[in-house]
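Examination of the molecular architecture
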Amino acid sequence: MAEEGSPLIYPANQAADVLHTIAPPTVLTIAGSDPSGGAGLQADLATIAAFGCHGAAAVTAITVQDTRNVHSFRAVAPGELADQIRAVLADIPVAAIKVGMLGSGENARAVADVLADHPDVPAVVDPVLAAEGGGSLAQEDLVEVLRGTLFPRASLLTPNHDEARRLVPGETVDSALADELLRNGAHYVLLKGGHREREDRVVTDRLYTFGQEEASFSHPRLPDRGYHGSGCTLSTAVACALADGRDMLEAVRTGIDFTFRALRASYTPGRGQAVPNRLFHWRGWEMEE
Ligand code: PLP
């Protein structure tokens, strides 16, 4: 019997052995830190947890931001970034990698160099250039270096329309944007539709491979609350589904479905944008279908 005042946290008559469970698949995120918890590493780790995977995280940049906008950022030294990733990959069998904000061209090169030694691990690359509030998250040289170094290593690239147009200057047509990004070496390109045609009631994301539209995925457009961290959530969710052994088409479908549910359950933690609720299945926030 527990004494009054000492609450029982585990039934005393049950063995308190360590359960030797099989390790869940590890997803490594390589991304910037967002202290507001809306985007970046913090968002990625919450997403990885929601999928029941083990999250490993290498920091590319320290941002100073709140839920309204980015005040400043500093990319970490490329050698320090490469060391973080190498340490994880030498120790843990990583099942999938997500690459988000890199901050500098030097960091893109460092990540590409390390990943070249691990060609079998699928990598989802979200070419983060700016925050939803408009603040820059990339040094000038990043676009050029990304195309030449990291895109050839990307199993999937997940630009929104604005990012795709910055990556392929002068081009506006979806299929031509995707073609050019595929020519840079990415295996698949997912062009996200959330930032365009905001008056449309449906959002359509299009998946391309080798110049063809492979599939499109549509869902109802949610009221525009200026979401912070939706791209991070999507790219990480796709990486988790790949880590779980799904093929690209199914992984993208799973990632989009997860992100839509998280956005539908989004909340506003501060004075700015809404944040997707990556743990929507807690507290009964998941609405009944
Ligand atoms: N990574 C970091 C560290 C960020 O701060 C942000 C946006 O603020 C992003 C990525 C991109 O966020 P989103 O998912 O809104 O595109």
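The coordinates are above.
Residues numbered from 1 in each chain as written. Predicted model: local features only at pLDDT ≥ 70, side-chain atom pairs only at ≥ 80, totals over all residues. Heavy atoms only, no water.

The next thing to look at is the state of the cysteines. For the coordinates displayed, the defined rule picks out zero disulfides. Counting only cysteine sulfurs, Cys240 is the nearest neighbor of Cys232, a cysteine outside any disulfide, at a range of 13 Å. Free cysteine Cys240: the closest other cysteine sulfur is in Cys53, separated by 4.4 Å. (Disulfide = S-S within 2.5 Å.)

This next bit is on helix 3 (residues 105–116). The terminal C-alpha atoms of helix 3, which comprises twelve residues, lie 17 Å apart, in line with the 16 Å expected from a rise of 1.5 Å per residue. Listing the buried residues of helix 3 in full gives Gly105, Asn107, Ala108, Ala110, Val111, Ala112, Val114 and Leu115. (Helix = DSSP H or I, 4+ residues; strand = E, 2+ residues; numbered from the N terminus. Expected span 1.5 Å × (residues − 1). Buried < 20%, exposed > 50% of the residue type's maximum accessible area, 1.4 Å probe, protein only.)

Evaluation of the coordinates by the stated rule reveals two aromatic pairs. For the pair Phe51 and Phe258, a centre-to-centre distance of 4.8 Å together with 50° between the ring planes defines the contact as tilted. Note that Phe51 is positioned in the loop between helix 1 (40–50) and strand 2 (54–65) and Phe258 in helix 8 (residues 248–264), a separation of 207 residues in sequence. Residue Phe258 is classed as buried on the basis of its relative accessible area of 8%. Their ring planes at 45° and their centres at 5.3 Å tell us that Phe258 and Phe280 sit as a pair that is tilted. With Phe258 in helix 8 and Phe280 in the segment after helix 8, this pair connects stretches of sequence that are 22 residues apart. An aromatic cluster is built from Phe51, Phe258 and Phe280, whose rings are joined through pairwise contacts. (Phe/Tyr/Trp six-rings, centres within 6.5 Å; stacked < 30°, edge-to-face > 60°.)

Taken together, 14 residues sit near the ligand, with Gln65, His228, Gly229, Gly231 and Cys232 positioned nearest. For the ligand, an oxygen atom lies 2.9 Å from a polar atom in the backbone of Gly229. At a separation of 2.9 Å, an oxygen atom of the ligand approaches a polar backbone atom of Cys232. For the ligand, whose unbound accessible area comes to 400 Å², protein coverage reaches 95%. The element contributing the most residues to the shell around the ligand is helix 7 (residues 230–243), with three residues. Of the residues that constitute the shell around the ligand, the class distribution is six nonpolar, seven polar and one charged. (Near = heavy atom within 4 Å. Polar contact = N/O pair within 3.5 Å; in protein donor to acceptor, adjacent residues only side chain to side chain. Areas by Shrake-Rupley, 256 points an atom, 1.4 Å probe, with all protein chains shown as cover. Nonpolar A, V, L, I, M, F, W, Y, C, P; charged D, E, K, R; others polar.)

So, about helix 7. Relative to the 20 Å expected for 14 residues at 1.5 Å per residue, helix 7 spans 20 Å between its end C-alpha atoms, a close match to the ideal helical length. Of all 14 residues in helix 7, 14 are buried, a share of seventy percent or more. Where helix 7 ends, the next residue or the one after it, Gly245, has phi of about 95°, a positive value.

Below, the discussion takes up the pattern of salt bridges. Tallying each qualifying case throughout the model produces nine salt bridges. Three or more residues joined by partner-sharing salt bridges are found here, namely Arg147, Glu180 and Arg183. (Salt bridge = Lys/Arg side-chain N within 4 Å of Asp/Glu carboxyl O.)

Residue placement: Ser36 occurs in the loop between strand 1 (26–33) and helix 1. A sequence separation of 28 residues divides Ser36 from Val64, and the C-alpha atoms of the two residues are 8.7 Å apart. Excluding its chain neighbours within four sequence positions, the residues that come into contact with Ser36 are Gln65, Asp66, Thr67 and His228. (Contact = heavy atoms within 4.5 Å.)

Packing of helix 1 against helix 7 brings their axes to within 9 Å, and their N-to-C directions diverge by 40°. The angle between helix 1 and helix 7 falls in the class oblique. Considering how the two elements wind past one another, helix 1 and helix 7 form a crossing that is right-handed. Packed against helix 1, whose contacting residues are Gly40, Ala43, Asp44, Thr47 and Ile48, the element helix 7 presents Cys232, Thr233, Thr236, Ala237 and Cys240 at the interface. When its residues are assigned to classes, the contact of helix 1 with helix 7 shows five nonpolar, four polar and one charged. (Axes fitted to C-alpha atoms, helices over the stretch in contact; angles between N-to-C directions. Parallel < 35°, antiparallel > 145°, perpendicular 65-115°, else oblique. Left-handed = near helix turned anticlockwise from the far one by under 90°.)

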